[in-house]
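Each chain is listed here by its residues.
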There are 2 protein chains.
Amino acid sequence: MTQQIINSVKSVIPLTKKEEKAFTDMLKIKHFKKKEFVLTEGDICREITFINKGSVRLFYVIEGLENTLNFFFPNDWYTAYESFLDETPSIENVQALEDTELLQFSKSDLYQLYDNHPVFEKLGRVMAENAFRVVVNRSKMLTNEQPQERYLKLIKNRPELFEKIPQHYIASYLGVKPESLSRIRRRIIGSK
Amino acid sequence: MTQQIINSVKSVIPLTKKEEKAFTDMLKIKHFKKKEFVLTEGDICREITFINKGSVRLFYVIEGLENTLNFFFPNDWYTAYESFLDETPSIENVQALEDTELLQFSKSDLYQLYDNHPVFEKLGRVMAENAFRVVVNRSKMLTNEQPQERYLKLIKNRPELFEKIPQHYIASYLGVKPESLSRIRRRIIGSK
């Protein structure tokens, strides 16, 4: 049950048996049904999450419209990082896209782990660096790229999304309306 | 010369004499004249910088227009974080706003420091977390706030900028043209 997450941690830092035990001791397993909310906007996100099985979608709502920030699959990590860091109400929602099994640990347990086993600070650093990369890349995509360019890049970089994720969620991730996505697809197919 | 930076580090992590020495050993002092470039777009940013004296402006150019990302003053830290992390050419420029004294250390020295003294991993984590906050806050400002709201918030949160920074740089930081900033100021004064 914890082998995947331990492998993932060990790809970043070496772990002694003792450190591995301290880490797995703080894990909690959680199950969510398809469409169930793991996190609802307004809640404070107090956990870091690792996907064991299934998948989730991270999104926020502005003026009634859902803006999808990301999708997460087995072996992915996520947190509503801003809420987690500053303990502010999350503007984000996390919803299970299918029946999903998660491993979670709390911020307080993580900070205690940092104190007891400083080797984990590196894991925290790498997670923060990745969160930075994700937000910069998304902001660049929405600021500098036209919808068609975003679509072509997504096909190239994350082709698996198109097999796993409903079309309207992909549109919402690309920051376009579902009709626009259909139009882009027709244009590309037409030009081939 | 290094007392300010040591105090700044110690506000995040406790340091033994040995760790303090390992840290100061990797510092390099640099001097820049007013308007001189500390980093030019296209360069890879390989250092983390601490401001001892003076100030700098971080900006990028799109279609001939300068977009100011931030200003840094004594006791501030900065890096062109994306370029630094991924060793990609920087899209950002850093320019001295006045005669400026900086302390810098290289990524390779920092990573060696992490290996030899893991206590510094926490410093790396906190820097990454702060970089994340900065980029999220700026992206929220530009996406969700009207120019007048941005201006009023800046007056409230960083009043010192208005004393230290030329008006047209403040306009560029707020994402508006200098004329628009003048109009906003007149409107606010007129409504009082």
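Source: prediction; values computed, not measured. (Residues numbered from 1 in each chain as written. Chains lettered and ligands numbered in written order. Predicted model: local features only at pLDDT ≥ 70, side-chain atom pairs only at ≥ 80, totals over all residues. Heavy atoms only, no water.)

> Just checking my understanding: could you explain the relation of the copies chain A and chain B for this structure?
For the pair of chain copies, the relating transformation is a rotation about an axis with a translation along it. Superposition record for chain A on chain B: RMSD 0.0 Å, screw rotation 180 degrees, translation along axis 0.0 Å. Here the transformation between the copies is reduced to the relation of a two-fold axis. If distances are taken from each C-alpha of chain A to the rotation axis, the shortest is found for A:Arg125, at 1.9 Å. The fraction of interface residues of chain A whose copies in chain B are also interface residues reaches 100%, indicating that both copies meet through the same surface. (Least-squares fit on C-alpha atoms with pLDDT ≥ 70 in both. Contact = heavy atoms within 4.5 Å.)

> I keep staring at the pattern of salt bridges and nothing clicks. Help me out?
Opposite charge on two side chains permits them to pair, given that their charged atoms come into close proximity. Evaluation of the coordinates by the stated rule reveals 23 salt bridges over all chains. For B:Lys140, the salt bridge is made with A:Glu82, and the minimal N-O distance between the two is 2.8 Å. In this pair, B:Lys140 is assigned in helix 5 (residues 120–144) and A:Glu82 in helix 3 (residues 81–86), connecting two distinct chains. For B:Lys153, the salt bridge is made with B:Glu145, and the minimal N-O distance between the two is 2.8 Å. (Salt bridge = Lys/Arg side-chain N within 4 Å of Asp/Glu carboxyl O. Helix = DSSP H or I, 4+ residues; strand = E, 2+ residues; numbered from the N terminus.)

> Sorry if this is basic, but what is going on with the interface of chain A and chain B here?
Reports of interface size often rely on the accessible area that becomes lost once the parts have come together. Counting from both sides, the interface comprises 21 residues of chain A and, opposite them, 21 residues of chain B. Both sides of the chain A and chain B interface together cover about 2,000 Å² of buried area, and 61% of this is carbon and sulfur. For the interface between chain A and chain B, the tally reads six salt bridges. Across the salt bridge formed by B:Asp86 and A:Arg133, the nearest N and O atoms sit 2.7 Å from each other. Counting across the interface, chain A meets chain B through eight residue pairs in polar contact (both at pLDDT 80 or more). When contributions to the side of chain A that touches chain B are tallied by element, the ones reaching two or more residues are helix 3, helix 4 (107–116) and helix 5 (120–144) of chain A. If you tally residues by element for the side of chain A that touches chain B, the top one is helix 5 of chain A, at 14 residues. Of the residues contributing to the side of chain A that touches chain B, the split by class is ten nonpolar, three polar and eight charged. (Buried area = accessible area lost by both parts, 1.4 Å probe. Polar contact = N/O pair within 3.5 Å; in protein donor to acceptor, adjacent residues only side chain to side chain. Nonpolar A, V, L, I, M, F, W, Y, C, P; charged D, E, K, R; others polar.)

> How should the packing of helix 1 (residues 3–10) of chain B against helix 2 (residues 17–25) of chain B be read in this particular structure?
Two packed helices can be described by the angle between their axes and the distance between those axes. All names here are of chain B. Axis separation between helix 1 and helix 2 bottoms out at 11 Å; the angle between their running directions is 125 degrees. Judged by the inter-axis angle, helix 1 sits oblique to helix 2. In this structure, the crossing between helix 1 and helix 2 has a hand that is right-handed. From helix 1, Ile-5, Ile-6, Val-9 and Lys-10 reach across to helix 2, where they touch Glu-20, Phe-23 and Thr-24. In the contact of helix 1 with helix 2, the residues fall into four nonpolar, one polar and two charged. (Axes fitted to C-alpha atoms, helices over the stretch in contact; angles between N-to-C directions. Parallel < 35°, antiparallel > 145°, perpendicular 65-115°, else oblique. Left-handed = near helix turned anticlockwise from the far one by under 90°.)

> Would you mind going over the pairing of strand 4 (residues 56–62) of chain A with me for this structure?
The side chains of a regular strand alternate between both faces of the sheet. Residues and elements named next belong to chain A. Counting buried residues in strand 4 gives five out of seven residues, a clear majority hidden from the surface. With seven bridges connecting them, strand 4 and strand 5 (residues 65–72) associate as antiparallel partners. Its bridge partner lying in strand 5, Phe-59 is registered against Thr-68. Taking the residues that link successive antiparallel strands as the turn, the strand 4-strand 5 hairpin has two residues, and the phi of Glu-63 there is positive, at about 50 degrees. (Buried < 20%, exposed > 50% of the residue type's maximum accessible area, 1.4 Å probe, protein only. Pairing = 2+ DSSP bridges.)

> Sorry, what's going on with the environment of B:Lys30 here?
All names here are of chain B. Turning to its location among the elements, Lys-30 is positioned in strand 1 (residues 28–32). Among residues more than four places away in sequence, those in contact with Lys-30 are Thr-100, Glu-101, Leu-102 and Gln-104. Of the polar contacts made by the side chain of Lys-30, one reaches the side chain of Gln-104; its length is 2.8 Å.

> Would you mind showing me how to read helix 4 (residues 107–116) of chain B here?
Side chains three or four residues apart in an α-helix point the same way, a direct result of the helix having 3.6 residues per turn. Among all positions of helix 4 of chain B, only B:Lys107, B:Leu110, B:Leu113 and B:Tyr114 are buried. The buried residues of helix 4 of chain B all sit within an arc of 120 degrees when viewed along its axis, so they share a single face. The exposed set on the far side of helix 4 of chain B, more than 90 degrees from its buried face, consists of B:Ser108, B:Asp115 and B:Asn116. As for helix 4 of chain B, its buried residues are in contact with helix 5 of chain A together with helix 2, strand 3 (47–53), helix 3 (81–86), strand 8 (100–106) and helix 5 of chain B. (Arc of directions from axis to C-beta.)

> Got a minute to help me understand the environment of B:Ile189 in this structure?
In this fold, B:Ile189 is placed in helix 9 (residues 178–190). Counting along the chain gives 92 residues from B:Ile189 to B:Leu97, while the straight-line C-alpha distance between them is 28 Å.

The quantities given are spatial measurements derived from coordinates; they are silent on function.
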